[in-house]
2 protein chains.
Amino acid sequence: MNSASQTNAASKPLDGITVIDLTQIYQGPYATFLMAKAGANVIKVEPIMGEPSRIRAKVSGGASLPMAMLNVNKKGITLNLKTSKGKELFKRLIADADIVVENFTPGVMDRLGLGWEVLHQINPRLIYGSGTGYGLSGPDKDNQAMDVTIQASSGAMSVTGDPDGPPLRSGSSFIDFLSGVHLYAGIITALFERTRTGLGRLVEVSMQETAYPTMASNLGLVYRSKGKVPQRVGNRHGGLALAPYNVYEAKDGHIAIVCATEDHWVKILKSMGREDLATDERFSTNKVRVENIKRTDDFVEAWTRTITRSELFKLSKEFGFPAAPVRDLIEVMNDPHMHARGQLEWFDDPDLGRVVLPASPLIIHGAERVKTVASPSLGQHNEEIYGGKLGLSQTELQALKAEGVI
Amino acid sequence: MNSASQTNAASKPLDGITVIDLTQIYQGPYATFLMAKAGANVIKVEPIMGEPSRIRAKVSGGASLPMAMLNVNKKGITLNLKTSKGKELFKRLIADADIVVENFTPGVMDRLGLGWEVLHQINPRLIYGSGTGYGLSGPDKDNQAMDVTIQASSGAMSVTGDPDGPPLRSGSSFIDFLSGVHLYAGIITALFERTRTGLGRLVEVSMQETAYPTMASNLGLVYRSKGKVPQRVGNRHGGLALAPYNVYEAKDGHIAIVCATEDHWVKILKSMGREDLATDERFSTNKVRVENIKRTDDFVEAWTRTITRSELFKLSKEFGFPAAPVRDLIEVMNDPHMHARGQLEWFDDPDLGRVVLPASPLIIHGAERVKTVASPSLGQHNEEIYGGKLGLSQTELQALKAEGVI
């Protein structure tokens, strides 16, 4: 334990931890976003042309905001890892780093001569994080992967959609981010272990494997039905075992209502002003509500059509049953609740103007909050890192630039 | 650094860490599953009747497998926290624990007299993890939440589904698990910080806030379209900016294909044996393929209908473009790849028989793997923990049982 022990002063949890960040798109950058927001010194290393998200942001504006969101509080440098000088600079950066993270397909770093074995020799305390679609071993490891294809191969698509329609993807790239936070979690676990052993580890996360547990309910149905694959159920309960449980039309959009217990049902009736139906034999038990699921849903929807989403949300809080408005993204970006919590903020980005950016969802009370600094432009910190940290002269920097190394 | 420093011996990263686990259903139990699988000593504390998942497992079999999956490698005890003797026993457990985790609605622990302030007084090194729907502060904190309602309120539903259909939920409970791994990540970050400060923290994770970043692409479109909410796109690219990008019918089901670059298009044509079309003006650029998106999709589907999902998966690996079969859950449970990696295993559960269980997606090379031990039955380790750890006599145990305390 160091000299700071037993003091109560606010600090950033990852103060003093240096991260060399080779990651791209969403998965890896989310892992290093969480590190930067916990106070680590993250150096984002991009090819001379920029990482794919940066290139896409130039082509179509759609990737600009994700790039700005996920790369705040990072330093940005360029480096061509295919040149021998580039490899040498990289090894110098690695020499006193704590963490390196990449989400290339398996084997890329080995072919560059910069794989785990090599870097571990240079710096035995280094933690090496690898994020991939299918992992570093096994017959499928060389299959290319993106969020959508893993939604397919993991089974997530097979349980999404209507019974009479095709399998559907979730519109959110949830597997990229789910595996990104797993990558963060695995690396920090190894960082904790290092305080005991003094040694770094190779940490590996596969997108497909992070998706598996999210289907716990659906897998439970397969088990219960003795190996029969359950059909898709749209917005109804996965096992068609609860009612009401659906997305209903409201006066001004849609609302989700879940009745998980008989107590919830009574509360729903109360918020309708229809307590008189609490003993009505058409609805009095979950069993009869499920047996006549369309009748139940129609009854609930006849009510929800008469109220607005926010009225419903208020009633559900007042009476105590789980329900929520289906919000669109403009409502979500402006959500008063998340803004009040300081978890969304309006930020003046030098390129994009005034945008909404999220804080880290990892809230550690008493720790110092990291103030948002805009995502770096391409190579913005070349001079600071190569000049300041590695001590290269202006002449050397110019030469490296001219040679296409940085 | 302790005496184990600089040794290379395999160990479990969280060896010696004790977790008092009050969590229920999916979110919290997934966080403590990751802890147990990393070597922590997790003591699952349940009400006398069992946690909701256990009760549901008894009523319908559907929750049996999730309960068995997520609670492996934990000790199980019962404890009635509403009794004063129960509170006292709980405080004794807390006194030498490292971590306590709960996912009750905000305020429950405070009302029991067992909130952060109280427990922090008893054990200043304790890390307290709280998982909730909307967080511990802000106007929506008291709204009840479940995975489905947060899919609604977070905006995830608004981007899922067909353009002419209603908003749809993802069939996987991805927000429960996404927030569960964030909860793990926040707690382990605080555990690392504690090696420097000697002090525990209150760590907070809100489901809604973990869902926000997963919509990066969709939020990027809102930004680009100057605040217009984009329509749902089914299985097509969120921005309708890439083609082919869809789920197509195959000979034996469906397959997802993503063409993210012009290079991918050439590779898709090669795998069709139609390289001759590489310069065909109907398809030669992403721009024309998107402008005639139905023509492009029809052309691709005319091919995919002639091959099986596994043929497509093989071709995509051979030629190098992102594609994958839409697998059903029986295929996923039996996936040879995940079984070959040791990430899925056949396990003889004392209650359920032979079932498939997942390992932790956090793979730390060189660390000792935790061998699976079945999920505890209700109160299975009461004697071991209350008798062994806290030193209560058989007579005292009997009395506590008779009084409804354990």
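Residues numbered from 1 in each chain as written. Chains lettered and ligands numbered in written order. Predicted model: local features only at pLDDT ≥ 70, side-chain atom pairs only at ≥ 80, totals over all residues. Heavy atoms only, no water.

Where do I start with the overall build of chain A in this structure?
In terms of helices and strands, chain A carries 18 helices and 12 strands. Within chain A, buried positions represent 61% of all 406 residues. When contacts within chain A are restricted to residue pairs at least 6 apart in sequence, those whose partners lie at least 24 apart make up 68%. When the accessible surface of chain A is totalled, it reaches about 14900 Å², and 52% of it is carbon and sulfur. Both charge centroids of chain A, one from 45 positive and one from 45 negative side chains, sit 1 Å from each other. (Helix = DSSP H or I, 4+ residues; strand = E, 2+ residues; numbered from the N terminus. Buried < 20%, exposed > 50% of the residue type's maximum accessible area, 1.4 Å probe, protein only. Contact = heavy atoms within 4.5 Å. Areas by Shrake-Rupley, 256 points an atom, 1.4 Å probe, with all protein chains shown as cover. Lys, Arg positive; Asp, Glu negative; His and termini not counted. Charge placed at Lys NZ, Arg CZ, Asp CG, Glu CD.)

Got a minute to help me understand the pattern of salt bridges in this structure?
Where charged atoms from two side chains of opposite charge come close, those side chains can pair. As enumerated under the stated definition, the model contains 48 salt bridges over all chains in all. We note a salt bridge from Arg341 of chain B to Glu209 of chain A, for which the minimum N-O separation is 2.7 Å. Taken together, the residues span two chains, with Arg341 of chain B in the loop between helix H16 (336-340) and strand E10 (344-349) and Glu209 of chain A in helix H9 (residues 207-211). We note that Arg341 of chain B, like Glu209 of chain A, is buried. In this structure, the salt-bridge partner of Arg201 of chain B is Glu193 of chain B, at a minimum N-O distance of 2.9 Å. (Salt bridge = Lys/Arg side-chain N within 4 Å of Asp/Glu carboxyl O.)

Please explain the nonpolar core as it appears in this structure.
Soluble globular proteins tend to pack their nonpolar side chains together in the buried interior. Counting 143 residues, the largest nonpolar core has Leu14, Met35 and Tyr184 of chain A together with Leu14, Met35 and Tyr184 of chain B as its most contacted members. The residues contacting Leu14 of chain A, other than those within four sequence positions of it, are Met35, Ala38, Gly39, Ala40, Tyr184, Ile188 and Leu191 of chain A together with Thr189, Phe192 and Arg196 of chain B. (Core = buried A, V, L, I, M, F, W, Y, C linked by side-chain atoms within 4.5 Å.)

Even after reading the chapter, I still don't get the interface of chain B and chain A, so can you show me in this structure?
The figure often quoted for interface size is the accessible area lost as the parts come together. Listed as interface residues are 147 residues of chain B and, on the opposing side, 147 residues of chain A. For the pair chain B and chain A, the summed buried area comes to about 12900 Å², and 62% of that belongs to carbon and sulfur atoms. Three residues, Arg196, Tyr212 and Leu329 of chain B, lead the burial of chain B against chain A; their summed loss comes to 6% of the area buried on that side. Applying the counting criterion to the chain B and chain A interface returns 6 salt bridges. (Buried area = accessible area lost by both parts, 1.4 Å probe.)

I tried to follow the sheet that holds strand E1 (residues 18-21) of chain A on my own but got confused; where do I start?
Sheet strands pair by backbone hydrogen bonding; their relative direction is either parallel or antiparallel. Pairing within the open sheet is mixed, and its 7 strands lie in the order E3(A)-E2(A)-E1(A)-E4(A)-E5(A)-E6(A)-E12(B). One side of each edge strand has no neighbouring strand; the edge strands of this open sheet are strand E3 (74-78) of chain A together with strand E12 (363-364) of chain B. With 5 bridges joining them, strand E2 (residues 41-46) of chain A and E3 of chain A adopt parallel strand pairing. By the bridge assignment, Ile43 of chain A is partnered in E3 of chain A with Lys75 of chain A. Packing against the sheet, helix H8 (residues 174-197) of chain A makes contact with strand E4 (99-102), strand E5 (127-132) and strand E6 (202-206) of chain A together with E12 of chain B, and its axis sits at approximately 160° to E5 of chain A. Sitting on the sheet, helix H17 (residues 382-389) of chain A is in contact with E1, E2 and E3 of chain A, with an inclination near 80° to E3 of chain A. (Pairing = 2+ DSSP bridges. Axes fitted to C-alpha atoms, helices over the stretch in contact; angles between N-to-C directions.)

I'm lost on the sheet that holds strand E7 (residues 245-250) of chain A in this one. Help?
All names here are of chain A. If you walk across this open sheet you meet the 3 strands as E7-E8-E9, and the pairing is antiparallel. The strands lining the two open edges of the sheet, one partner per strand, are E7 and strand E9 (323-325). If you compare each strand with its neighbour and ignore which way they point, the axes differ by 20° on average. Two elements, strand E8 (residues 253-258) and E9, share 3 bridges in a ladder whose sense is antiparallel. Bridge pairing in E9 places Ile255 opposite Pro325. Sitting on the sheet, helix H14 (residues 309-319) is in contact with E7, E8 and E9, with an inclination near 155° to E9.

I keep staring at the pairing of strand E4 (residues 99-102) of chain B and nothing clicks. Help me out?
Working note: regular strand, side chains alternate between the two faces of the sheet. Residues and elements named next belong to chain B. Both faces of E4 are covered, namely the face carrying Ile99 and Val101 and the face carrying Val100 and Glu102. With 3 bridges connecting them, strand E1 (residues 18-21) and E4 associate as parallel partners. Paired with Val19 across the two strands is Ile99, which belongs to E4. Strand direction decides the pairing type here: E4 and strand E5 (residues 127-132), joined by 4 bridges, are parallel. The residue bridging Val100 from the neighbouring strand is Tyr128, located in E5.

Can you help me understand a nonpolar patch on the surface in this one?
Together, Met49, Ile55 and Val59 of chain A make up an exposed nonpolar region whose accessible area comes to about 330 Å². Given a relative accessible area of 72%, Val59 of chain A falls into the exposed group. (Patch = residues over 30% accessible without salt bridge, like charges linked within 9 Å, V, L, I, M, F, W, Y side chains within 5 Å.)

Explain the side chain of Arg341 of chain A to me, please; I cannot follow it from the model alone.
With relative accessibility at 10%, the residue Arg341 of chain A sits in the buried group. Ignoring sequence-local partners within four residues, the contact set of Arg341 of chain A consists of Ile363 and Arg369 of chain A together with Tyr134, Gly135, Leu136, Ser137, Gly138, Glu204, Ser206 and Glu209 of chain B.

So what exactly am I meant to see when it comes to the environment of Leu312 of chain B here?
Residue and element names in this part refer to chain B. Secondary-structure assignment places Leu312 in helix H14 (residues 309-319). A relative accessible area of 0% means that Leu312 is categorised as buried. With 177 residues separating them in the primary sequence, Leu312 and Gly135 have C-alpha atoms 44 Å apart. Residues in contact with Leu312, not counting those within four places in the same chain, are Ile255, Ile257, Trp303, Ile307, Phe321, Ala323 and Ala324.

What exactly am I supposed to notice about the relation of the copies chain B and chain A here?
What relates the pair of chain copies is a rotation about an axis plus a shift along that axis. Relative to chain A, chain B is turned by 180° and slid 0.0 Å along the rotation axis, the superposed coordinates differing by an RMSD of 0.0 Å. On this basis, the relationship between the two copies can be described by a two-fold rotation axis. (Least-squares fit on C-alpha atoms with pLDDT ≥ 70 in both.)

Looking at this structure, how should I read the pairing of E1 of chain B?
Residue and element names in this part refer to chain B. Residues Thr18 and Ile20 of E1 are buried on one face, and the alternating residues Val19 and Asp21, pointing to the opposite face, are buried as well. In this structure, E1 lies alongside strand E2 (residues 41-46), joined through 4 bridges in parallel fashion. When the bridges of E2 are listed, Val19 appears paired with Val42. Viewed along the sheet, the connection from E1 through helix H1 (residues 27-37) into E2 turns out right-handed. (Right-handed = clockwise from strand over helix to strand, strands pointing away.)

I keep staring at the packing of aromatic side chains and nothing clicks. Help me out?
One pass over the full model with this rule turns up 17 aromatic pairs over all chains. Ring centres of Trp265 of chain B and Phe283 of chain B lie 5.9 Å apart, and the angle between their planes is 45°; this geometry places the pair in the tilted category. Placement of Trp265 of chain B in helix H11 (residues 262-272) and of Phe283 of chain B in the loop between H11 and helix H12 (286-291) is noted, with a sequence separation of 18 residues between them. Overall, Trp265 of chain B belongs to the buried group, its relative accessible area being 1%. Cluster of aromatic residues (ring-pair linked, three or more members): Tyr26, Tyr30, Phe33 and Phe177 of chain A. When the ring centre of Phe313 of chain A is taken as reference, the NZ or CZ atom of Arg327 of chain A above it lies at 5.4 Å. (Phe/Tyr/Trp six-rings, centres within 6.5 Å; stacked < 30°, edge-to-face > 60°. Lys NZ or Arg CZ within 6 Å of the ring centre and 35° of its normal.)

Don't take any of this as a statement about function, it's just geometry.
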